[in-house]
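# Breakdown of the fold
These are the residues of each chain, in order.
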Amino acid sequence: MTLSSVQDVTGRLYLAVGRLSRSLRQAGAPGPGHGSISALATLVHFGELRLGDLAAKEGVAAATMSRIVATLVEAGYVTRESDPVDRRAWLARATEEGERLVSGVRSTRVQELNRRLDRLTPEMRESIIAALPALEALISDEG
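A few points on the structure. All residue numbers here refer to positions counted from 1 along the written sequence of the relevant chain. Given that this is a predicted model, residues contribute local features only at a pLDDT of at least 70 and side-chain atom pairs are listed and counted only at 80 or more, while totals for whole chains, interfaces and linings are drawn from all residues. To obtain the side-chain values, all non-hydrogen atoms of the structure were used and water was disregarded.

Here we take up the overall build of the protein chain. Numbering of helices and strands runs from the N terminus, with a helix taken as a DSSP run of H or I at least four residues long and a strand as a DSSP run of E at least two residues long. What the protein chain contains, in helices and strands, is 6 helices and 3 strands. Secondary structure elements of the protein chain, listed N to C terminal, follow the sequence α-α-β-α-α-β-β-α-α. With the radius of gyration taken over C-alpha atoms, the globule rule is written as 2.2 Å times the number of residues to the power 0.38. In terms of overall dimensions, the protein chain is more spread out than a globule: its C-alpha atoms have a radius of gyration of 18 Å, far above the 15 Å expected for 143 residues. Dimensions of the protein chain, computed from C-alpha atoms along their principal axes, come out at roughly 55 × 35 × 20 Å. Out of the 143 residues in the protein chain, the part that is buried amounts to 22%. Pairs of residues are marked as contacts when any of their non-hydrogen atoms sit within 4.5 Å. Long-range contacts, defined as pairs at least 24 residues apart, comprise 48% of the intrachain contacts of the protein chain with a sequence gap of at least 6. Exposure was quantified through the Shrake-Rupley algorithm and a 1.4 Å probe, taking into account, for residues, occlusion by the shown protein chains and nothing else. Surface accessibility of the protein chain: about 9900 Å² in total, with carbon and sulfur atoms responsible for 56%. Separation between the mean location of the 18 positive side-chain charges and that of the 18 negative ones in the protein chain comes to 6 Å. Throughout this description, buried means an accessible area under 20% of the type-specific maximum (1.4 Å probe, protein chains only), exposed means over 50%, and partly exposed covers the range between. Positive charges come from Lys and Arg, negative ones from Asp and Glu, while His and the chain ends are left out of the count. Working definition for charges: the position is that of NZ of Lys, CZ of Arg, CG of Asp or CD of Glu.

Listed below in structure tokens is the structure:
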């Protein structure tokens, strides 16, 4: 494979993954934006987190995460309280309503992705299945 063809594959993969992700996000119900949903999903997955730790996991500035969490608190999806160990820090936790929102978003997006996969030929679906371990390796913490 030449450098040019590797760059072409890399560019095509980047665009395809980005466009698919955006398209699936748009298929979801109206509500909080992607940044808020992502932060909320992280809280659902990891449980209670300090705002700084949540910001680090999401790859955003602490000030940005503070605004996102404030919006989620106002909507009733997250609770925020001072850290009993360090009163200067805040802890955020998803509420039951927040957990339901994340579950519903995932369900809607997974159903939409399933509809799209059903439109593919069996050979194309098998190719995607075969590529899953490599794609998962690209997003793993160890990769």
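Each Phe, Tyr or Trp ring (for Trp, its six-membered ring) is paired with any other whose centre lies within 6.5 Å, and the angle between the two planes then decides the class: stacked below 30 degrees, edge-to-face above 60, tilted in between. Per the stated rule, a full pass over the model turns up 0 aromatic pairs. Both a distance and an angle decide whether a charge sits over a ring: NZ of Lys or CZ of Arg must be within 6 Å of the ring centre and within 35 degrees of the ring normal. For Arg-80, the ring lying beneath its charged end belongs to Trp-90, and the centroid distance is 5.1 Å.

Once that is clear, we can look at the pairing of strand S3 (residues 90-94). Paired strands, as defined in this entry, are two strands with at least two bridges between them according to DSSP. By the bridge criterion, 2 bridges tie strand S1 (residues 49-50) to S3 in an arrangement that is antiparallel. Considered in S3, the bridge of Arg-50 is made with Leu-91. The sheet contact formed by strand S2 (residues 78-82) and S3 spans 5 bridges and is antiparallel. Paired with Glu-81 across the bridge in S3 is Leu-91.

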